[in-house]
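Chain residues, written in single-letter form:
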Amino acid sequence: MKKVITYGTFDLIHKGHIRLLKRARALGDHLTVCVSSDEFNAIKGKRAYTSYEDRKYILESIRYVDEVIPETTWDQKIKDVQENDIDIFVMGDDWEGKFDFLKDYCEVIYLPRTEGISTTKIKEDLGLQAGADWKE
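Summary of the structure given here. Everything numeric in this text was worked out from a predicted model, so none of it was measured.

**Observations concerning the sheet that holds strand S1 (residues 3–8)**
Logical step 1: Pairing in this open sheet of five strands is parallel, and the strands run S3-S2-S1-S4-S5 from one edge to the other. Unpaired on one side and paired on the other, strand S3 (67–71) and strand S5 (107–111) mark the two borders of the sheet. The sheet shows a mean angle of 25° between the axes of neighbouring strands, direction not considered.
Logical step 2: Pairing of S1 with strand S2 (residues 30–36) involves six bridges; the strand directions are parallel. The residue of S2 that forms the bridge with lysine 3 is histidine 30.
Logical step 3: Sheet strands touched by helix H1 (residues 15–26): S1, S2, strand S4 (88–92) and S5. Its angle to S2, the strand with the most contacts, is close to 140°.
Logical step 4: In this fold helix H3 (residues 52–60) packs onto S2 and S3, with an angle of close to 165° to the strand it touches most, S2.

Okay, structure coming up:
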């Protein structure tokens, strides 16, 4: 079985997320999605509108996703790849080159992003700024 992994916050799930998951899953037989925890987002200076538990729940309901695990640190990727017998690591091409260190452990593929859509753009369009207190 060929196993694929990808990482992200996956806040405000949109067409670009689904396309990434579909293309990632098409590369193998099993897709693990590693979702940034709320605590890890705080460390990164990011803020998700949707809680980790809700983002995990949504991702688990998507047919391309076989497993969802938490991302709690920047440094867990090598361990995740090794412990989950991952063959392919996938990220959007906006991260091109940033995860090439994983090539010692698995194949690394950067997929093209979906033009015209991003969570950042959605939040900007809705007037939700990163520093604004819009999450209760």
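**Quick look at the nonpolar core**
Logical step 1: Of all hydrophobic cores here, the largest spans 18 residues; its most connected members are Leu21, Val33, Leu59 and Val90.
Logical step 2: Elements represented by at least two residues in this core include exactly H1, S2, H3, S4 and S5.
Logical step 3: Ignoring any residue separated from it by four or fewer positions in sequence, one finds leucine 21 in contact with Thr6, Phe10, Leu31, Val33, Leu59, Ile62, Tyr64 and Val65.
Logical step 4: Counting 13 residues, the second largest nonpolar core, distinct from the first, contains Val81, Phe89, Met91 and Cys106.

**Regarding the pairing of S4**
Logical step 1: Counted residue by residue, S4 has five buried out of five residues, so it is predominantly covered.
Logical step 2: Burial along S4 is two-sided: the residues Ile88, Val90 and Gly92 and Phe89 and Met91 are all buried.
Logical step 3: In the sheet, S1 pairs with S4 via three bridges, with the strands oriented parallel. Within the sheet, the bridge partner assigned to valine 4 lies in S4 and is isoleucine 88.

**Examining H3**
It helps to recall that an α-helix has 3.6 residues per turn; residues three or four apart then point in one direction.
Logical step 1: When H3 is considered as a whole, its buried residues turn out to be Tyr52, Arg55 and Leu59. Viewed end-on, H3 has its buried residues packed into an arc of 65°, placing them on one side of the element. Exposed side chains of H3 directed beyond 90 degrees from the buried face belong to Glu53 and Tyr57.
Logical step 2: Residues of H3 that are buried in the fold lie against H1, S2, helix H2 (38–44) and S3.

**Overview of the pattern of salt bridges**
Logical step 1: The final tally for this structure, using the stated rule, is six salt bridges.
Logical step 2: Arginine 25 is the partner of aspartate 66 in a salt bridge, and the nearest nitrogen-oxygen pair spans 2.9 Å. Taken together, the positions of aspartate 66 in the loop between H3 and S3 and arginine 25 in helix H1 put the pair 41 residues apart, joining distant regions of the chain.
Logical step 3: Since its relative accessible area comes to 37%, aspartate 66 is described here as partly exposed.
Logical step 4: Judged by relative accessible area, which is 24%, arginine 25 ranks as partly exposed.
Logical step 5: Here aspartate 94 and arginine 113 are joined by a salt bridge, their closest N and O atoms 2.8 Å apart. Note that aspartate 94 is positioned in the loop between S4 and S5 and arginine 113 in the loop between S5 and helix H5 (119–125), a separation of 19 residues in sequence.

About the thresholds
Along each chain, residues carry numbers from 1 onward, in the same order as the chain's sequence is written. In keeping with the predicted nature of the model, local features appear solely for residues at pLDDT of at least 70, side-chain atom pairs appear and are counted solely at 80 or more, and the whole-chain, interface and lining totals rest on all residues. Here the side-chain values reflect all heavy atoms present in the structure, with hydrogen atoms and water set aside. One bridge is not enough; two strands pair if DSSP finds at least two bridges between them. Secondary structure counts use DSSP, requiring at least four H or I residues in a row for a helix and at least two E residues in a row for a strand, with both numbered from the N terminus. Lines fitted to C-alpha atoms define the axes here, with helix axes fitted over just the stretch in contact, and angles between the N-to-C directions of these axes take values from 0 to 180 degrees. The criterion used for residue contact is that any of the two residues' heavy atoms lie within 4.5 Å. By convention a nonpolar core is built from buried Ala, Val, Leu, Ile, Met, Phe, Trp, Tyr and Cys residues, the set being connected through side-chain atoms within 4.5 Å. The classification of residues rests on relative accessible area computed with a 1.4 Å probe and restricted to protein chains. Under 20% of the type maximum is buried, over 50% is exposed, and intermediate values are partly exposed. Directions drawn from the helix axis to the C-beta atoms are what define this arc. In the sections that follow, a salt bridge refers to a side-chain nitrogen of Lys or Arg positioned within 4 Å of a carboxyl oxygen of Asp or Glu.

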